[in-house]
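Chains, contacts and geometry: an overview
Next come the chains, spelled out residue by residue.
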Amino acid sequence: MRWYLAYNLSLRDWKEMMAERGIRRRSFDDPSLGHSFRAAVAGALQRRKRAVTGKWHVDETYIKVRGEWMYLYRAIDSVGDTVEFWFSEHRDLLAAKRFFRKALERHDRPDRIVIDGSQTNHEAITSCDAANGLQDRSRRWLNPITIRKSRYLNNRIEQDHRRIKLTAASPDQPS
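Residues numbered from 1 in each chain as written. Predicted model: local features only at pLDDT ≥ 70, side-chain atom pairs only at ≥ 80, totals over all residues. Heavy atoms only, no water.

Overview of the sheet that holds strand 3 (residues 82-88)
As a reminder, the rule being used: In this scheme, strands are said to pair when DSSP sees at least two bridges between them. Secondary structure elements are taken from DSSP: a helix is a run of H or I of four residues or more, a strand is a run of E of two residues or more, and numbering for both begins at the N terminus. Angular values range over 0 to 180 degrees, each being the angle between N-to-C directions of two axes fitted as lines to C-alpha atoms, with helices fitted over their stretch in contact. Two residues qualify as a contact provided that any one of their heavy atoms is within 4.5 Å of a heavy atom in the partner residue.
As summarised here, the arrangement of the five strands in space is 3-2-1-4-5, forming an open sheet in which the pairing is mixed. Both edges of this open sheet fall to strand 3 and strand 5 (146-149), since each of them pairs with a single strand only. Geometrically, the sheet is characterised by an average inter-axis angle of 25° between neighbouring strands, direction not taken into account. Two elements, strand 1 (residues 55-65) and strand 2 (residues 68-77), share ten bridges in a ladder whose sense is antiparallel. Following the sheet pairing, Val 58 is matched in strand 2 by Ala 75. In the packing of helix 4 (residues 93-106) onto the sheet, contacts are made with strand 1, strand 2, strand 3 and strand 4 (112-115), and the angle to strand 3 comes to roughly 150°.

Below is the structure:
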C-alpha cells in the first residue's frame with residue numbers, strides 16, 4: 001500500500017485499482033477520498049514506527065526542491081534514523097522554532113541534542129523546551145534538554161546530508 005502513496009497517481013489509476021479490489025461504494029470524483037486514504041495510511045505507519053532514541057543530532061542544509069532553494073531542517077537519532085524534518089524558505093529563529101515544536105509534539109523529549117554551534121538553534125531548543133515543559137500536565141520536574149554544541153560530534157548528520165544532497169541534485173539517475 002505504501003507504494004501507491006510513493007508515486008503520483010491519476011484519478012483513472014485510482015479508479016482502476018479500486019475496481020480491481022471490488023470497491024465501488026464511493027464516488028471516485030470525491031477529492032476527499034485520496035486525502036482520507038493518505039491520512040489513514042500515514043497514521044498506521046506512524047503507529048508502527050520504531051521509537052527514537054534519547055540523543056538527537058540536528059542540523060540544517062540548503063537544497064533545491066522543485067527548482068527552488070530551501071532550507072531543510074533535520075534531526076536524526078543516535079542510530080541514524082530520521083526523527084523529523086522541516087522545509088523552510090528562511091533560516092531564522094521562527095523556522096527553527098517551528099521545526100523543534102513539530103519534533104517535540106510528535107516524539108518524546110530527548111535527553112540530549114547535538115547541534116553544530118548555531119545560536120539560532122540553541123535559542124529555539126531552549127524556547128520550545130520551556131514551552132513544552134509548561135504544557136506537561138504531570139507537574140513533575142523535567143530536566144532541561146542538554147544541548148551540546150560541537151561540529152565534530154555532529155558529523156553523523158553531516159554525513160547523512162550527503163545522501164540527501166546527492167538525491168536532490170540528480171533525481172533522474174537510478175539509485
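Focus on the pattern of salt bridges
Operational definition: Counted as salt bridges are all cases of a side-chain nitrogen of Lys or Arg within 4 Å of a carboxyl oxygen of Asp or Glu. Here's how the labels work: a residue is buried when its accessible area is under 20% of the maximum for its type, exposed when over 50%, partly exposed in between, all with a 1.4 Å probe on protein chains only.
Scanning all chains against the criterion turns up four salt bridges. Between Arg 106 and Glu 84 there is a salt bridge, with the nearest N and O atoms lying 3.1 Å from each other. With Arg 106 in helix 4 and Glu 84 in strand 3, this pair connects stretches of sequence that are 22 residues apart. The shortest N-O distance in the salt bridge between Asp 129 and Arg 109 comes to 2.7 Å. Note that Asp 129 is positioned in helix 5 (residues 119-135) and Arg 109 in the loop between helix 4 and strand 4, a separation of 20 residues in sequence. Here Asp 129 falls in the buried class, since its relative accessible area comes to 10%. Each of the salt bridges in this network shares a partner with another, and the network as a whole consists of Glu 84, Lys 102 and Arg 106.

Here we look at unusual backbone geometry
Even without being glycine, Arg 66 reaches a positive phi, approximately 50°. Here Arg 66 lies in the loop between strand 1 and strand 2. Overall, Arg 66 belongs to the exposed group, its relative accessible area being 84%.

As for the pairing of strand 1
Here strand 1 pairs with strand 4 via three bridges, running parallel. Residue pairing for strand 4: His 57 is matched across the bridge by Val 114. Once strand 1 ends, the chain turns through two residues before running back antiparallel as strand 2, passing Arg 66 with a positive phi of about 50°.

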